[in-house]
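Descriptive structure summary
Take a look at the letters that make up each chain.
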Amino acid sequence: MNRQCTPRAYADPYLAGAGLGLVLLAAFVLVGRGLGASGAFASTAAGVVAAIAPEHAAASPLFSHYLEGQGPWLEWLSFELAGVLFGAWLSAALAGRLRVEVERPAALARGSRVALAFGGGVVMAAGAAFARGCTSGQALTGGALLSVGGWLFLCVAFATAHVLAPLVRRLWT
Amino acid sequence: MSAPLIGDGSLGVSLGAAVVLGAGFGFALERAGLGSARKLIGQFYGRDLTVMKVMFSALIVAMLGVFWLSRFGLLDLRAVYVPLTYLWPQLFGGLLFGAGLVVAGLCPGTACVAAATGRVDGMFVVLGFLAGMFGVGLLLEGFADFYESGAHGAWTLPELTGLPYGTVVAAVVLLALAAFAGAEWIERRVR
């Protein structure tokens, strides 16, 4: 059998989680901050809006935050997220898991899946903007540092997803 | 010598470290299978609790590391940035985020992992998230008061409860171990 076509099984979740925890700890020790994702998107949006309509960027409590200091194009989280893309690609390439596909249940059309993916992304962005972070920056990083807001976000976001899951069951089965 | 090791003065080194740390982050998420919406969403139907196992293992490893390094004087906790608490917007944000997550099937970080490994649905979550950031950022001016409400700064669970740092750390470890045991039990029952 061709090895290229047989993706290797995923790693043990506890082992992968411990590895992720060591990366997060290394971030605290090296640069004094944790990991994140949504900040890279917020700073990119802030940079674009600041270039086109500076007065709107300065008036937005979300965007103005990223215009201080190094500016939106040298945001730490943007460089970190570029690393995420590379690390994910490398891991998948080594395991034979690179594959162009729309992952979806058989009952859901490709167009519906990508539309829902886009829409879900929009709603998550609103949530992450208000929460000042997402699963990485608030739940994981804030959680490890015992931040009250981080734990609040972690509990509320996962509880909401669990409560709503039965209502959208046909999207996933 | 006391960590953090890279000061604010060396932007280039800090951004270089960002790329390397990010690569480790992306590698670990992909290894765990969290670049797959199908696997990630199994969490919410009790089929596959990988999300919770990865999340809590990572959280307790980093939490214990920070606790012991600071206890031995190797890490200066005052120099570690703790995400700020804004109670009401974070409560509201958590509600929206959870609703978006169960429809999208991927969170922003794992959507990037999915996109980098060829998954088109992951790319659309990324595009939606970026579009949403533009929209919310432009609309947020009208909600500035709510956005700043419930501000408590860098507020931690030991400060909230009045319990010693080590006691809260031990409680979180026990909570995680109970969650792991519960996860294994649920997976056996649902399968």
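Residues numbered from 1 in each chain as written. Chains lettered and ligands numbered in written order. Predicted model: local features only at pLDDT ≥ 70, side-chain atom pairs only at ≥ 80, totals over all residues.

Some thoughts on the overall build of chain A
Here is the rule we go by: A run of H or I in DSSP counts as a helix once it spans at least four residues, and a run of E counts as a strand once it spans at least two, with each numbered from the N terminus. Three exposure classes are used, based on other C-beta atoms lying within 10 Å of a residue's own C-beta, which is placed from the backbone: buried for 20 or more, exposed for 12 or fewer, and partly exposed in between. Whether two residues are in contact depends on their C-beta atoms, placed from the backbone: they are in contact if these lie within 7 Å.
Per the secondary structure count, chain A includes eight helices and zero strands. When the elements of chain A are put in sequence order from the N terminus, they spell out α-α-α-α-α-α-α-α. With the C-alpha coordinates of chain A rotated into their principal frame, the extents come out at 55 × 40 × 35 Å. Burial analysis of chain A (173 residues in total) assigns 56% to the buried set. A separation of at least 24 residues holds for 52% of the contacts in chain A among residues at least 6 apart in sequence.

Details of the interface of chain A and chain B
Cut-off, in case you're wondering: Under the convention adopted here, Pro, Cys and the residues Ala, Val, Leu, Ile, Met, Phe, Trp and Tyr are nonpolar, Asp, Glu, Lys and Arg are charged, and Gly plus all remaining residues are polar.
Every contact between the two is made by 112 residues of chain A and, on the other side, 109 residues of chain B. Only helix 1 (13-31), helix 2 (38-52), helix 3 (54-59), helix 4 (61-67), helix 5 (76-94), helix 6 (110-131), helix 7 (135-144) and helix 8 (148-164) of chain A provide two or more residues apiece to the side of chain A that touches chain B. Partitioned by chemical class, the residues of the side of chain A that touches chain B number 74 nonpolar, 29 polar and nine charged.

A few points about the confidence of the model for chain B
Stated precisely, the cut-off is as follows: Scored from 0 to 100, pLDDT records how confident the predictor is in each individual residue.
For chain B, the mean per-residue pLDDT works out to 96, and 98% of the residues sit at or above 70. Reported confidence for the predicted complex is 0.97 by ipTM and 0.96 by pTM.

A look at helix 3 (residues 50-71) of chain B
Here is the rule: Under the convention used throughout, the expected extent of a helix is 1.5 Å for every residue step, that is, one less than its residue count.
Helix length check: helix 3 of chain B, at 22 residues, gives a terminal C-alpha distance of 31 Å against a target of 32 Å (1.5 Å per residue), a fit within 8%. Backbone geometry just after helix 3 of chain B places B:Gly73 at a positive phi near 75 degrees.

A look at unusual backbone geometry
All names here are of chain A. The residue Arg 132 is not glycine, and still its phi comes out positive at about 65 degrees. With respect to the element layout, Arg 132 can be found in the loop between helix 6 and helix 7. Exposure remark for Arg 132: the 26 C-beta atoms within 10 Å place this residue in the buried category. For Leu 146, which is not glycine, the phi dihedral falls at a positive 60 degrees. Note on placement: Leu 146 falls in the loop between helix 7 and helix 8.

A look at the domain arrangement of chain A
All names here are of chain A. Where we set the bar: For each domain, the first and last residues come from an automatic or database assignment.
If you check the domain split of chain A, you get domain 1 (9-100) and domain 2 (105-173). Look at where the C-alpha atoms of domain 1 and domain 2 centre, and you get two points 17 Å apart. Contacts between domain 1 and domain 2 engage nine residues on the former and ten residues on the latter. Ranked by the residues each element gives to the side of domain 1 that touches domain 2, the list is headed by helix 2, at three residues.

Points about the environment of A:Gln138
Mapped onto the secondary structure, A:Gln138 falls in helix 7. Considered as a pair, A:Gln138 and A:Ala37 are 101 residues apart in the sequence and their alpha carbons are 9.9 Å apart.

As for the packing of helix 2 of chain A against helix 6 (residues 120-139) of chain B
Keep this limit in mind: Axis definition: a line fit to C-alpha positions, over the contact stretch in the case of helices; interaxial angles, taken between N-to-C directions, run 0 to 180 degrees. Put simply, angles under 35 degrees are roughly parallel, angles over 145 are roughly antiparallel, angles from 65 to 115 are roughly perpendicular, and the rest are oblique. Should the near helix be turned anticlockwise from the far one by less than a right angle, the crossing is left-handed, and should it be turned clockwise, the crossing is right-handed.
Running from N to C, helix 2 of chain A and helix 6 of chain B cross one another at 60 degrees; their axes reach a closest spacing of 9 Å. Classified by the angle their axes make, helix 2 of chain A and helix 6 of chain B are oblique. You can see that helix 2 of chain A and helix 6 of chain B cross each other, and the crossing is right-handed. Touching A:Phe41, A:Ala42, A:Thr44, A:Ala45, A:Ala46 and A:Val49 of helix 2 of chain A are B:Phe129, B:Leu130, B:Met133, B:Phe134, B:Gly137 and B:Leu138, all from helix 6 of chain B. Among the residues forming the contact of helix 2 of chain A with helix 6 of chain B, the class breakdown is ten nonpolar, two polar and no charged.

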